[in-house]
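Listed below are the residues making up each chain.
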Amino acid sequence: MTQEQLKYKFNQFKHASVYKSHKELISGHINDTYLIETEEEPYYILQRINHLVFKDVPGLISNKVGVSKHIHKKLSHLAQDKLNQSVLMFVETKKGDYYYKDEDGSYWNVMVYINDSVTYDIVTNKEVAYEGGKLAGDFLNLTSDFDASVLTEVIPKFHDMSFRFWQFEEALKVASKERLEEAKEYIDRVNTLKEEMHIIQNLKESGKIKLRVTHNDTKISNALFDKNNKGLCMIDTDTVMPGVVHYDFGDAIRTICNSAAEDETNLDLVNFNVEYYKAYKKGFLEKVESALSPLEIETLPLAAKTMIFIMAIRFLTDFLNGDVYYKIKYPEHNLDRAKNQFKLIDSMVAQMEVAH
Ligand code: GN1
Ligand code: MG
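The structure displayed is predicted, hence computed values, not measured ones.

A.B. asks: For this particular structure, what's the right way to read the site of ligand 1?
C.D. replies: Within the structure, ligand 1 sits among 15 residues, and Lys219, Asp236, Glu262, Arg314 and Tyr325 are positioned closest to it. A distance of 3.5 Å is found between an oxygen atom of ligand 1 and a side-chain nitrogen or oxygen belonging to Arg254. At 2.7 Å from an oxygen atom of ligand 1 is found a side-chain nitrogen or oxygen belonging to Glu262. Residue classes in the shell around ligand 1 are distributed as seven nonpolar, two polar and six charged. When residues are assigned to domains, the shell around ligand 1 turns out to be shared by domain 1 (3–115) and domain 2 (126–355), each giving three or more.

A.B. asks: How do you make sense of the pattern of salt bridges when you look at a structure like this?
C.D. replies: Opposite charge on two side chains allows them to pair when their charged atoms are near. Per the counting criterion, the structure on display carries 21 salt bridges. For Lys64, the salt bridge identified is with Asp238, shortest N-O distance 2.7 Å. Here Lys64, found in helix H2 (residues 57–74), pairs with Asp238, found in the loop between strand E9 (231–234) and strand E10 (241–243); they are 174 residues apart in sequence, far enough to count as distant. Asp188 serves as the salt-bridge partner of Lys184, at 3.0 Å between the closest nitrogen and oxygen. You can see Lys184 and its partner Asp188 sitting in helix H7 (residues 184–192), four residues apart, about one turn around the helix. When salt bridges that share partners are traced, they join Glu127, Glu131, Lys134 and Lys230 into one network.

A.B. asks: Whenever I open this one, the coordination of the magnesium ion (ligand 2) confuses me. Can you help?
C.D. replies: Around a metal, the idealised angle for a tetrahedral arrangement of four donor atoms is 109.5 degrees; for an octahedral arrangement of six donor atoms it is 90 or 180 degrees. Around the magnesium ion (ligand 2), the protein contributes the donor atoms Asp217 (OD) and Asp236 (OD), which lie 2.1 Å from the metal centre. In this pair, Asp217 is assigned in the loop between strand E7 (212–214) and strand E8 (223–225) and Asp236 in the loop between E9 and E10, connecting sequence segments 19 residues apart. What makes Asp217 buried here is its relative accessible area of 18%.

A.B. asks: Could you clarify how one ought to interpret the side chain of Lys64 in this entry?
C.D. replies: Taking the relative accessible area as the measure of exposure, Lys64 reaches 1% and is therefore buried. Here the side chain of Lys64 touches Asp238 through a polar contact of 2.7 Å, side chain to side chain. For Lys64, the residues in contact, after removing those within four places along its chain, are Gln47, Ile49, Phe90, Asn109, Thr237 and Asp238.

A.B. asks: Can you help me understand the packing of H2 against helix H4 (residues 126–142) in this one?
C.D. replies: H4 packs onto H2 with a crossing angle of 95° between their chain directions and a minimal axis gap of 10 Å. Compared by their axis directions, H2 and H4 come out roughly perpendicular. Two secondary-structure elements touch here, H2 through Val67, His70, Ile71 and Lys74 and H4 through Phe139, Asn141 and Leu142. Per-class residue counts for the contact of H2 with H4 are four nonpolar, two polar and one charged.

A.B. asks: How do you make sense of the pairing of E9 when you look at a structure like this?
C.D. replies: The side chains of a regular strand alternate, residue by residue, between the two faces of the sheet. By the bridge criterion, three bridges tie E8 to E9 in an arrangement that is antiparallel. Bridge pairing in E9 places Phe225 opposite Gly231. The turn linking E8 back onto E9 is made up of five residues, and Asn229 within it adopts a positive phi angle of 65°.

A.B. asks: What exactly am I supposed to notice about the packing of helix H9 (residues 245–256) against helix H10 (residues 274–288) here?
C.D. replies: Two quantities define a packed helix pair, namely the angle between the helix axes and the distance between the axes. Contact pair H9 / H10: the axes reach a minimum separation of 10 Å and the direction vectors enclose 145°. Crossing geometry of H9 relative to H10 is assigned as right-handed. Seen from H9, the contacting residues are Val245, Asp248, Phe249, Ala252, Ile253 and Ile256; seen from H10, they are Tyr276, Tyr277, Tyr280, Lys281 and Phe284. Classifying every residue of the contact of H9 with H10 gives nine nonpolar, no polar and two charged.

Cut-offs used in this document
Residues numbered from 1 in each chain as written. Chains lettered and ligands numbered in written order. Predicted model: local features only at pLDDT ≥ 70, side-chain atom pairs only at ≥ 80, totals over all residues. Heavy atoms only, no water. Near = heavy atom within 4 Å. Polar contact = N/O pair within 3.5 Å; in protein donor to acceptor, adjacent residues only side chain to side chain. Nonpolar A, V, L, I, M, F, W, Y, C, P; charged D, E, K, R; others polar. Domains from an automatic or database assignment. Salt bridge = Lys/Arg side-chain N within 4 Å of Asp/Glu carboxyl O. Helix = DSSP H or I, 4+ residues; strand = E, 2+ residues; numbered from the N terminus. Donors = N, O, S within 2.8 Å, 3.2 Å for Na, K, Ca; no water. Buried < 20%, exposed > 50% of the residue type's maximum accessible area, 1.4 Å probe, protein only. Contact = heavy atoms within 4.5 Å. Axes fitted to C-alpha atoms, helices over the stretch in contact; angles between N-to-C directions. Parallel < 35°, antiparallel > 145°, perpendicular 65-115°, else oblique. Pairing = 2+ DSSP bridges. Left-handed = near helix turned anticlockwise from the far one by under 90°.

Everything listed is a geometric property; what it means functionally is a separate question.
Have a look at this one:
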């Protein structure tokens, strides 16, 4: 994407700013994301939504804009500066939509960049884990009275374990002999965990745990912090949909408690940090405990294992499919990500007695 092209997309949106330069932010695996630096602040985030992954982009945009407006209203008592840092603000196009569709059929959206914020791929102190828990818990609180019936299911069965197993089994049928061989040990591991990994889904389907509006992508790099490690705001609300509390709790733990990045290849560095688990859980429960049932709370440790596993099976499936879903930097990238997640499960299980 050339500078001129990006500038053109940016200028389809209603703002009084002048494009100065941009930086690509490369941490996401699906969309293309750019920080647009302007002559005068605010800066903006310009994002191309991957419409091969997200089949209904207008629905996705309407979800996230609706949820942001809802949160904005609920936080309107905050001082303007604080409010600007606490919720994403989407920018309309000059035509009055929240997305711009270009001549190639790509969809773009713009958000105001939240100043003085930092993100983490790896957590190195307890405070961030605790604050991360408060942020994710608060997101559930703030959206608890959002009318879920207006939400589009942007990726049907996104965290549905049976669906992920079905995709895995389909991938086994089409995978190359080499990839099947390379992944053999991990394919076997998927199968041994099958029953346990369906427990949360079964509870959901039997109605024993309730559906609520969930973020569904609560990895720690989707949380913004200020320079003093205080939580500011959850970002990347592309996958906001009805779900269960376990999705948001578990996916955050998957990244917060991993002592290494999710694609670290030296597995000795991949260890589950129980102290961060406790800190995150404390922050999370401080915000949502009163809304949760005893069964939901009791099954949170299983949520962590389940969400680590669901990413393992998804990375492995994509490796078997020949890397058609996630962005990769080298041919074994998806397999390495899967190995990393399995090592994290092992490390978590080894410490399970203390992980409550
Ligand atoms: C993807 O693109 P990004 O980084 O927001 C994925 C998540 C995974 C995550 C793993 C729509 O998120 O489910 O947890 O990678 N999003 C989608 O890092 O599949
Ligand atoms: Mg995402």
